[in-house]
Amino acid sequence: MKQFMVFVRKEFYHVFRDRRTLLILFGLPVMQILLFGYALTTEIKNAKIIVIDNAKDVNSEQLIAKIRASTYFSIVEGDDMGAAFRKGEIRCAVVFPPGFGNDLLHGNTAQIQIVADASDPNTAKTLTNYLTAIINDYQQSIQPMVTIPYQIQPVLRMLYNPALNGSMNFVPGVIALVLMIICTTLTSVSIVREKENGTMEILLVSPFNPTYVVLAKAVPYLVLSLLDFIIILLLSVFLLDMPVRGSLVLLFMESTLFIISCLSLGLLISSVARSQQIAMLMSMMGMMLPTILFTGFIFPLENMPLPLQLISNLIPSRWFYFIVKAVMLKGLGFGAVWKQTLILAGMTIVLLTISIKTFKTRLS
Amino acid sequence: MNEKAIICKDLTKRFGDFVAVDNISFDVSSGEIFGFLGANGAGKTTAMRMLCGLSYPTSGEAAVAGFNVFTQQESIKKNIGYMSQKFSLYESLTVRENIRFYGGIYGLTNQELKEKGDELIAKLNMGNESKKMVGDLPLGWKQKLAFSVAIIHQPKIVFLDEPTGGVDPVTRRQFWDLIYDAADSGITIFVTTHYMDEAEYCNRISIMVDGRIDALDTPANLKKKYSAETMDEVFYALARGAKRTAD
Amino acid sequence: MPQQNSDAVILNNITKTYNKLPAVTEISLSVKKGELFGLIGPDGAGKSTLFRILTTLLLADSGTATVNGLDVVKDYKEIRRCVGYMPGKFSLYQDLTIEENLNFFATLFGTTVSANYGLIKDIYEQIAPFKTRRAGKLSGGMKQKLALCCALIHRPEVLFLDEPTTGVDAVSRKEFWNMLQRLKEQGITIVVSTPYMDEADLCERIALIQSGSILSIDTPAAIKAAYPDKLYAIKSAKMHQLLKDLRAYGSCYAFGEYLHISGVSGETELLAYVKEKGYTDVVLKEITPGIEDCFIRLLQTGGAS
């Protein structure tokens, strides 16, 4: 046991004496949170738009004022819509036909043309939706008295995230991503480094049980990852106003489970990789990309073709993401996530067994 | 005509408070085989880097192949060759490809590359190996090939940093045959080694201790001066007094 | 059970191949308890492979080996308890200090620095003034001493040192061999490899090894005595020319300030030959061969390609 503790202490020395490791360990989560929280958001703000007003009456001007007031759009001056689209200066254009106000008040069949740059279909769809909403809103405000019989007025209520705050969705994703990177990359690199430096030869020749070598390598990173988890949690609660609705203890337990599964993956990579670069590449390319693609926090899994959806089932972070969302945002208890927990636990056991089995007690 | 290949006067290199190379002065004549000895950490590598135009001296003067180490580093690089135990050839390229690559770096034409390559391969007796990966060759062959490639552009001076470490006794001597041939063709040889018998093969040797050159003469004169039987004893007598412990 | 045998290390027809390239071929040798045994050969001769097989890090393709009577395959756990190993490359933690490295390895082997301090005292005292310095910042000679301390800290019965003096200057090499002599007096069996032929004389028995095969195993004195020929040292002012001329006459190699030549019929004939070639200043004497002479001779007469 004393040997084990000395080994763990040595690992901490390595971590705290290496600036690059420290940077990955503590710089990465902070950077990711800030990046996703402030820079990379899927909401659209200040989309450039041209308004061509051929009507120039009270109604068109009121409507333009409404569009101008919205934070979604910023109106660009100009009248050559085609050129502006080609140059990519605008995302969207609104055209009022002559006699718009007259039609609206008397004919009841007023038309507005909305043109959007659909080379980015998602944005185009979102923008036209925003515009339609503004127009409907305006229509109701000028005709409050007109009651249309049988008109269905849907009332929307956004659950869990009423403000449609985009960071809600990705914070659990970032937690999964950061833990994945730190556990997998750092453990695999730290073991491969011992191989490269030749210290692994001495460790193997010592009577210290090779399984303990693996475990002693994993313990410091488990501790550090939990620390990272706390940092991310604090940042998201205090900086991004994220709620933690469910049980913190449950969240912690689930995270520990996920961390162990990532650590096992790291160990597995380390027994295959020959150099630190390869280990780094394998954990970055092999782990980070699938995590980003198949976890669901950037690309909705429901929209993927079936084979990819099946593949996503093999990615531990997918299940962890689900659990974090359920516990953190929906405030659900273990009863709601036991199935996912079980899957994650199964994966962890399999990975850990394989990685300990493949750890070589001799040089290959 | 005794032209100087290297002229070095009060050359000094400081890293902060640490004087890695301390006021060294020496000349190397054209066509000479000059042995540059010293214990680990004595400052050999630092001195050699300055002479190769890889780092600026803190003070002093030096000219290599007639070019100033402060102002004409690029010209120096064109006129020297360099080979070390660590820096060798690309293991995943064949013998031919390595020759083409290094020759190409020094601006040899395709015609020259072909001729020099054939000549080199014939000289090293590597006809059967020319299409083999360098990584598959025995160490001794690699070192001989690396040396031949380092002088493929007929430099005025070639710097050899422990070229024979770990090589078997017979190959080591074959390596020195190559060095002698190069020297006969007019190339000045500047070589470091840990093998004291190899020090004897040099025309003159210098021994560095703690950044200074403590001895510089022909092997015979040095042995006489220190009343020693072998160069080993000369070296031991000088280096034993070294104060420095770190590299 | 360890068998009652006076041999600390036994290799029996050991062969190991990497990717079809043979590293060592049918090597057999034994090292007595308490012996200082040298494996002498150039890089790539197979020395490190033998060490790795003996320290249970590699499995041989065929053949058997024992250390302290323990089988390297079956009893590898017991072997790992009783051997010390210093790999060819400096293999300590560069970012830990001297003290931290030593404490770490002591604990790893289930002991403490103080328990076996007597064994390493002589060596450790030389580096103790720098004990808070990180290992990566030490000179070659000091790294070597620290690595030796770490390999000795659990008082091993057999010590394997793979090229401990490679890349180390002549002064540190001498010191290192003096340390080995003192360790031998403590009863530790030492197997050491080196590419420096001049270090062979410092071992009790040596194996000359090249291209994965053993050229000869014996005491240095016996190997030198077995040199089949008379050997002469010769020098003149024009050494390189003399070397070229003599190669046509016998087996001639440069050895420091002299050339060594063998395979000639006698001193007078040799003198006559160089006179005829126009040398007037030659110094010629008969000498006893060194290990390097023997190695070169063995390389020529076969044993290895």
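This is a predicted model, so every value here is computed, not measured. (Residues numbered from 1 in each chain as written. Chains lettered and ligands numbered in written order. Predicted model: local features only at pLDDT ≥ 70, side-chain atom pairs only at ≥ 80, totals over all residues. Heavy atoms only, no water.)

Description of the overall build of chain B
Helices and strands together make up the secondary structure of chain B, namely nine helices and ten strands. Taken along the three principal axes of its C-alpha coordinates, chain B extends 50 × 40 × 40 Å. Expressed as a percentage of its 247 residues, the buried residues of chain B come to 54%. Considering only residue pairs separated by 6 or more positions, chain B has 67% of its internal contacts joining residues 24 or more positions apart. Here chain B has roughly 10700 Å² of accessible surface; of this, 49% comes from carbon and sulfur atoms. (Helix = DSSP H or I, 4+ residues; strand = E, 2+ residues; numbered from the N terminus. Buried < 20%, exposed > 50% of the residue type's maximum accessible area, 1.4 Å probe, protein only. Contact = heavy atoms within 4.5 Å. Areas by Shrake-Rupley, 256 points an atom, 1.4 Å probe, with all protein chains shown as cover.)

Some words on the pairing of strand E8 (residues 188–192) of chain B
Consecutive side chains of a regular strand alternate in pointing toward one face of the sheet and then the other. Residues and elements named next belong to chain B. Counting buried residues in E8 gives five out of five residues, a clear majority hidden from the surface. Burial of E8 is two-sided: the residues Thr188, Phe190 and Thr192 facing one way and the residues Ile189 and Val191 facing the other way are all buried. Inspection of the sheet shows strand E3 (residues 33–38) paired to E8 by three bridges, in the parallel sense. Across the sheet, Ile33 pairs through a bridge with Ile189, a residue of E8. Remark: the strand E7 (residues 157–161)/helix H6 (residues 169–184)/E8 crossover connection has right-handed handedness. (Pairing = 2+ DSSP bridges. Right-handed = clockwise from strand over helix to strand, strands pointing away.)

A few points about the interface of chain B and chain C
Taken residue by residue, the interface counts 30 residues in chain B and 33 residues in chain C. Between chain B and chain C the total buried area reaches about 2600 Å² when both faces are included, carbon and sulfur atoms providing 56% of it. Where chain B meets chain C, there are five salt bridges. Across the contact surface, chain B and chain C share eight residue pairs in polar contact (both at pLDDT 80 or more). Those elements that place two or more of their residues in the side of chain B that touches chain C are H6 and helix H9 (231–239) of chain B. The dominant element in the side of chain B that touches chain C, judged by the number of residues it contributes, is H6 of chain B, at eight residues. In the side of chain B that touches chain C, the residues fall into twelve nonpolar, five polar and 13 charged. (Buried area = accessible area lost by both parts, 1.4 Å probe. Salt bridge = Lys/Arg side-chain N within 4 Å of Asp/Glu carboxyl O. Polar contact = N/O pair within 3.5 Å; in protein donor to acceptor, adjacent residues only side chain to side chain. Nonpolar A, V, L, I, M, F, W, Y, C, P; charged D, E, K, R; others polar.)

Looking at the packing of helix H3 (residues 95–105) of chain B against helix H4 (residues 110–123) of chain B
All names here are of chain B. Between H3 and H4, the shortest axis-to-axis distance is 10 Å and the interhelical angle comes to 135 degrees. Here H3 lies oblique to H4, going by the angle between them. By crossing handedness, the relation of H3 to H4 is classed as right-handed. Of H4, the residues touching H3 (which contributes Val95, Arg96, Ile99, Arg100, Gly103 and Gly104) are Asn110, Leu113, Lys114, Gly117, Asp118, Leu120 and Ile121. For the contact of H3 with H4, the residue count by class is five nonpolar, four polar and four charged. (Axes fitted to C-alpha atoms, helices over the stretch in contact; angles between N-to-C directions. Parallel < 35°, antiparallel > 145°, perpendicular 65-115°, else oblique. Left-handed = near helix turned anticlockwise from the far one by under 90°.)

Brief notes about H6 of chain B
Residue and element names in this part refer to chain B. Given a rise of 1.5 Å per residue, 16 residues ought to cover 22 Å, and the 23 Å separating the end C-alpha atoms of H6 matches this to within 8%. Across the 16 residues that make up H6, a large majority, 13, are buried. With a side-chain oxygen positioned 3.0 Å from the backbone nitrogen of Val170, the residue opening H6 is Asp168. Positive phi shows up at Gly186, right after H6, with a value of about 100 degrees. (Expected span 1.5 Å × (residues − 1).)

A word on the sheet that holds strand E9 (residues 204–209) of chain B
All names here are of chain B. The strand order across the open sheet built from six strands is E6-E7-E8-E3-E9-E10, with neighbouring strands paired in mixed fashion. For this open sheet the edge positions go to strand E6 (80–84) and strand E10 (212–217), each flanked by a neighbour on one side alone. Averaged over all adjacent pairs, the angle separating strand axes in this sheet is 15 degrees, with direction ignored. Strand direction decides the pairing type here: E6 and E7, joined by five bridges, are parallel. When the bridges of E7 are listed, Ser84 appears paired with Asp161. Helix-sheet contacts for helix H5 (residues 139–150) involve E6 and E7, and the interaxial angle to E6 is about 165 degrees.

Digging into the state of the cysteines
Residue and element names in this part refer to chain B. Counting across every chain of the model gives zero disulfides over all chains. Its sulfur unpaired, Cys8 is 12 Å from the next cysteine sulfur, which belongs to Cys52. What makes Cys8 buried here is its relative accessible area of 3%. (Disulfide = S-S within 2.5 Å.)

Overview of the pattern of salt bridges
Here the structure, examined in full by the defined rule, presents 39 salt bridges over all chains. A salt bridge links Lys123 of chain B to Asp181 of chain B; the shortest N-O distance between them is 3.6 Å. Placement of the pair is Lys123 of chain B in helix H4 and Asp181 of chain B in helix H6, with a sequence separation of 58 residues. Here Lys123 of chain B falls in the exposed class, since its relative accessible area comes to 52%. Among the residues examined, Asp181 of chain B registers a relative accessible area of 27% and is labelled partly exposed. The residue Arg182 of chain C makes a salt bridge to Asp122 of chain C at a minimum N-O spacing of 3.5 Å. Residue Arg182 of chain C is located in helix H6 (residues 170–185), and its partner Asp122 of chain C is located in helix H4 (residues 117–127); the two are separated by 60 residues in the primary sequence.

Observations concerning the nonpolar core
Ranked by size, the top nonpolar core spans 104 residues in total, and within it Leu148 and Phe160 of chain C carry the most contacts. Tallying contributions element by element places helix H5 (residues 140–152) of chain C first for this core, with eight residues. Those residues within four positions of Phe160 of chain C in sequence are excluded, and the remaining contacts are Val9, Phe51, Leu54, Thr55, Val67, Val83, Gly84, Tyr85, Met86 and Val191 of chain C. The next biggest cluster of nonpolar side chains, apart from the first, holds 69 residues, and it includes Leu108, Leu113, Trp176 and Val191 of chain B. (Core = buried A, V, L, I, M, F, W, Y, C linked by side-chain atoms within 4.5 Å.)

Description of the side chain of Ser55 of chain B
Residue and element names in this part refer to chain B. Mapped onto the fold, Ser55 is located in the loop between helix H1 (44–51) and strand E4 (59–64). Under the relative-accessibility criterion, Ser55 is labelled buried at 16%. The residues touching Ser55, leaving out its near neighbours within four places in the chain, are Lys13, Arg49, Met50 and Gln73.

Some remarks on the pairing of strand E10 (residues 213–218) of chain C
Residue and element names in this part refer to chain C. Strand direction decides the pairing type here: strand E9 (residues 205–210) and E10, joined by five bridges, are antiparallel. Bridge assignment links Gln210 to a residue of E10, and that residue is Ser213. Taking the residues that link successive antiparallel strands as the turn, the E9-E10 hairpin has two residues, and the phi of Ser211 there is positive, at about 50 degrees.

Observations concerning the domain arrangement of chain A
Interface size is commonly expressed as the accessible surface area that is lost when the partners come together. In terms of domain boundaries, chain A breaks down into domain 1 (14–40 + 164–358) and domain 2 (47–142). Here the C-alpha centroids of domain 1 of chain A and domain 2 of chain A sit 46 Å apart. (Domains from an automatic or database assignment.)

So, H4 of chain C
All names here are of chain C. Leu119, Ile120, Ile123, Tyr124 and Ile127 are the residues of H4 that are buried. Each buried residue of H4 sits inside an arc of 100 degrees when the element is viewed along its axis, so together they form one side. Elements in contact with the buried residues of H4: helix H3 (98–108), H5 and H6. (Arc of directions from axis to C-beta.)

Focus on the packing of aromatic side chains
Counted under the stated rule, the structure contains 28 aromatic pairs over all chains. Aromatic pair Phe51 of chain C and Phe160 of chain C: ring centres 5.9 Å apart, planes at 80 degrees, arrangement edge-to-face. Separated by 109 residues along the polypeptide, Phe51 of chain C in helix H1 (residues 47–54) and Phe160 of chain C in strand E7 (residues 158–161) bring together distant segments of the chain. For the pair shown, Phe51 of chain C and Phe160 of chain C are each scored as buried. Cluster of aromatic residues (ring-pair linked, three or more members): Phe4, Phe7, Phe208 and Tyr212 of chain A together with Tyr93, Phe104 and Phe105 of chain C. For the cation-ring pair, Arg17 of chain A lies above Tyr13 of chain A, with the distance from its terminal atom to the ring centre recorded as 4.7 Å. Here Arg173 of chain B stacks its cationic end above the ring of Phe255 of chain C, 4.1 Å away from the centre of that ring. (Phe/Tyr/Trp six-rings, centres within 6.5 Å; stacked < 30°, edge-to-face > 60°. Lys NZ or Arg CZ within 6 Å of the ring centre and 35° of its normal.)

Digging into the sheet that holds E4 of chain B
All names here are of chain B. As summarised here, the arrangement of the four strands in space is E2-E1-E4-E5, forming an open sheet in which the pairing is antiparallel. Looking along the sheet, the strands with just one partner apiece sit at the ends: strand E2 (18–29) and strand E5 (67–68). With two bridges joining them, E4 and E5 adopt antiparallel strand pairing. For Val64, the partnering residue across the bridge sits in E5 and is Phe67.

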